[in-house]
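Read off the chains here:
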Amino acid sequence: LERVASGHAHLATAITEPKVGHNVFRSETTVRRDRERFIVNGLKGVTSGIEIAERILVLGRVPGDRDPGAPQQFTTVLIDPRAPGMTREELPMRGREGVRQWQIQLDDVEAPLDALVGVEGQGLLTLWPFTHVERLLSAALCVGSARYCLSRALSRASERTIFGQRPIGAEQAIQHPLAWLHARTEATELFTYRAAARFDAGADRLAVAGEANIAKLLSADLLFDAADHAVQTLGALAWDEREALLDVFLDARLARSGPVSQELVLNFIAQHVLGLPSHR
Ligand SMILES: Cc1cc2nc3c(=O)[nH]c(=O)nc-3n(C[C@H](O)[C@H](O)[C@H](O)COP(=O)(O)OP(=O)(O)OC[C@H]3O[C@@H](n4cnc5c(N)ncnc54)[C@H](O)[C@@H]3O)c2cc1C
């Protein structure tokens, strides 16, 4: 963990499972303590970057709940990607996230006791602040990518002239969406920085969770619209592989589905920030 925290080692996270999707409460992976070690079994879905990771953070349930009415217990442990019992299959996914995507099978994978992260049986509490950081990081990436898309659109809008003497950027049909995007980028960046600063300052956890979700929600839609308008402004040029803009467009779409979908974020805001009842 120290190597990860200091930036010397990459960490992959294996939370998602093929059968349960966003609903981690239904995780079928088990993390069992057996005297001086943990034993992990299960199948994890899309897991990014195992090829560069030194450890994988795995969430699994404590097996053998004796009392069905008792709260579910989960444990988070770090496993070695090279540990015996772990097999990985690369998923043929598009996108240029910079790392490869894998599905991993865990058959009696062993981890030492000091691989425990947080408290045994309270793995969801370990994971929760981690998701705030992930959402804030995702929001910051989206804001930066949105700025990039806007800069691509602006430079083309300023130079491309096809009717008369003035470039297409003189047309309000081109100007207004870009002005909107600029305004949204400025506001979303400020909100993201504020949420990150409040997280760092140790603000109330529920407030931080709400803000991390809001930042993720706004920034994912911002990036998608920015990539869309960049493609629109570049016209046919956007489809030329040498421009490398279509990859940005594809990656921009991912932010609406991961690391958490917009719908799940809206559910969280509705129920935990606004206090509306759960549909379940
Ligand atoms: C490129 C990529 C990399 C990833 N890397 C990782 C990783 O490293 N580690 C990891 O653990 N996971 C990773 N994931 C998984 C990702 O973060 C999501 O958790 C996962 O995609 C969600 O599961 P699912 O795809 O099965 O969607 P599902 O849970 O099946 O959801 C499908 C759709 O239904 C909607 N939906 C479901 N339930 C509700 C509801 N109650 N209300 C409203 N809408 C609902 C969702 O919003 C979504 O749009 C990655 C995914 C991708 C695409």
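The preceding data block contains the structure.
Residues numbered from 1 in each chain as written. Predicted model: local features only at pLDDT ≥ 70, side-chain atom pairs only at ≥ 80, totals over all residues. Heavy atoms only, no water.

J.: Talk me through the pairing of strand 3 (residues 37-48); I want residue IDs and the actual numbers.
T.: Where strand 2 (residues 30-34) lies against strand 3, five bridges are found, and the strand directions are antiparallel. When the sheet's bridge partners are listed, D34 is paired in strand 3 with R37. As defined by bridge partners, strand 3 adjoins strand 7 (residues 101-112) across nine bridges and the pair is classed as antiparallel. Looking across to strand 7, one finds that I39 is bridged to E110. (Pairing = 2+ DSSP bridges. Helix = DSSP H or I, 4+ residues; strand = E, 2+ residues; numbered from the N terminus.)

J.: Would you mind going over the site of the ligand in detail, with residue names and values included?
T.: Residues in contact with the ligand amount to 17 residues; listed here are only the nearest, T13, T16, S48, S261 and E263. One of the backbone N or O atoms of P259 is found 3.0 Å from an oxygen atom in the ligand. Burial of the ligand by the surrounding chains reaches 62%, relative to a free accessible area of 980 Å². Residue assignment for the shell around the ligand shows that the elements contributing at least two residues are strand 1 (10-14), strand 3 and helix 6 (262-273). The class makeup of the residues in the shell around the ligand is six nonpolar, 10 polar and one charged. (Near = heavy atom within 4 Å. Polar contact = N/O pair within 3.5 Å; in protein donor to acceptor, adjacent residues only side chain to side chain. Areas by Shrake-Rupley, 256 points an atom, 1.4 Å probe, with all protein chains shown as cover. Nonpolar A, V, L, I, M, F, W, Y, C, P; charged D, E, K, R; others polar.)

J.: I'd like to hear about the packing of helix 4 (residues 205-234) against helix 6, residue by residue, with values.
T.: Packing of helix 4 against helix 6 leaves a shortest axis separation of 10 Å and a crossing angle of 145 degrees. In the crossing of helix 4 with helix 6, the sense of the turn from one axis to the other is left-handed. Every residue of helix 6 that contacts helix 4 at L206, A209, G210, N213, I214, K216, L217, A220 and D221 is listed here: Q262, V265, L266, F268, I269, H272 and V273. Of the residues belonging to the contact of helix 4 with helix 6, the class tally is 10 nonpolar, four polar and two charged. (Axes fitted to C-alpha atoms, helices over the stretch in contact; angles between N-to-C directions. Left-handed = near helix turned anticlockwise from the far one by under 90°. Contact = heavy atoms within 4.5 Å.)

J.: Could you give an account of the pairing of strand 4 (residues 53-61), with specific residues and numbers?
T.: Judged by how many residues are buried, strand 4 sits mostly within the fold: seven of nine residues are covered. Here strand 1 pairs with strand 4 via five bridges, running parallel. Bridge pairing links T13 to L57 in strand 4. Taken together, the six bridges between strand 4 and strand 5 (residues 74-79) define a ladder with antiparallel strand orientation. Residue pairing in the sheet places V58 in a bridge with V77 of strand 5. (Buried < 20%, exposed > 50% of the residue type's maximum accessible area, 1.4 Å probe, protein only.)

J.: Before we move on, can you summarise the packing of aromatic side chains with the specific residues and values?
T.: The final tally for this structure, using the stated rule, is one aromatic pair. For the ring pair F224 and F249, a centre distance of 5.9 Å and an interplane angle of 35 degrees mean the geometry is tilted. Note that F224 is positioned in helix 4 and F249 in helix 5 (residues 245-254), a separation of 25 residues in sequence. Judged by relative accessible area, F224 falls into the buried class, the value being 17%. The class of F249 is partly exposed, set by a relative accessible area of 25%. A cation over an aromatic ring shows up here: R88 above the ring of W102, its NZ or CZ 4.8 Å from the ring centre. (Phe/Tyr/Trp six-rings, centres within 6.5 Å; stacked < 30°, edge-to-face > 60°. Lys NZ or Arg CZ within 6 Å of the ring centre and 35° of its normal.)

J.: Explain helix 4 residue by residue, including any values.
T.: End to end, helix 4 covers 43 Å across 30 residues, agreeing with the expected 44 Å (1.5 Å per residue, within 8%). Positioned one or two residues after helix 4, G235 has a phi angle of 60 degrees, which is positive. (Expected span 1.5 Å × (residues − 1).)

J.: Describe the pattern of salt bridges, with residues and values.
T.: Considering all chains together, one arrives at 18 salt bridges under this definition. For D80, the salt bridge is made with R82, and the minimal N-O distance between the two is 3.1 Å. A relative accessible area of 23% places D80 in the partly exposed class. Residue class for R82 comes out exposed when judged on its relative accessible area of 57%. (Salt bridge = Lys/Arg side-chain N within 4 Å of Asp/Glu carboxyl O.)

J.: Tell me what's going on with the nonpolar core, and back it up with residues and numbers.
T.: Judged by nonpolar contacts, the single largest core of 27 residues is most densely connected at V40, I56, I79, M86, I104 and L106. At the level of elements, strand 1, strand 3, strand 4, strand 5 and strand 7 are the ones that each hand at least two residues to this core. Dropping the residues within four chain positions of it, L106 is found in contact with V40, N41, G42, K44, V58, I79, G85 and M86. Of all hydrophobic cores here, the second largest spans 22 residues; its members include L222, A226, V231 and L245. (Core = buried A, V, L, I, M, F, W, Y, C linked by side-chain atoms within 4.5 Å.)

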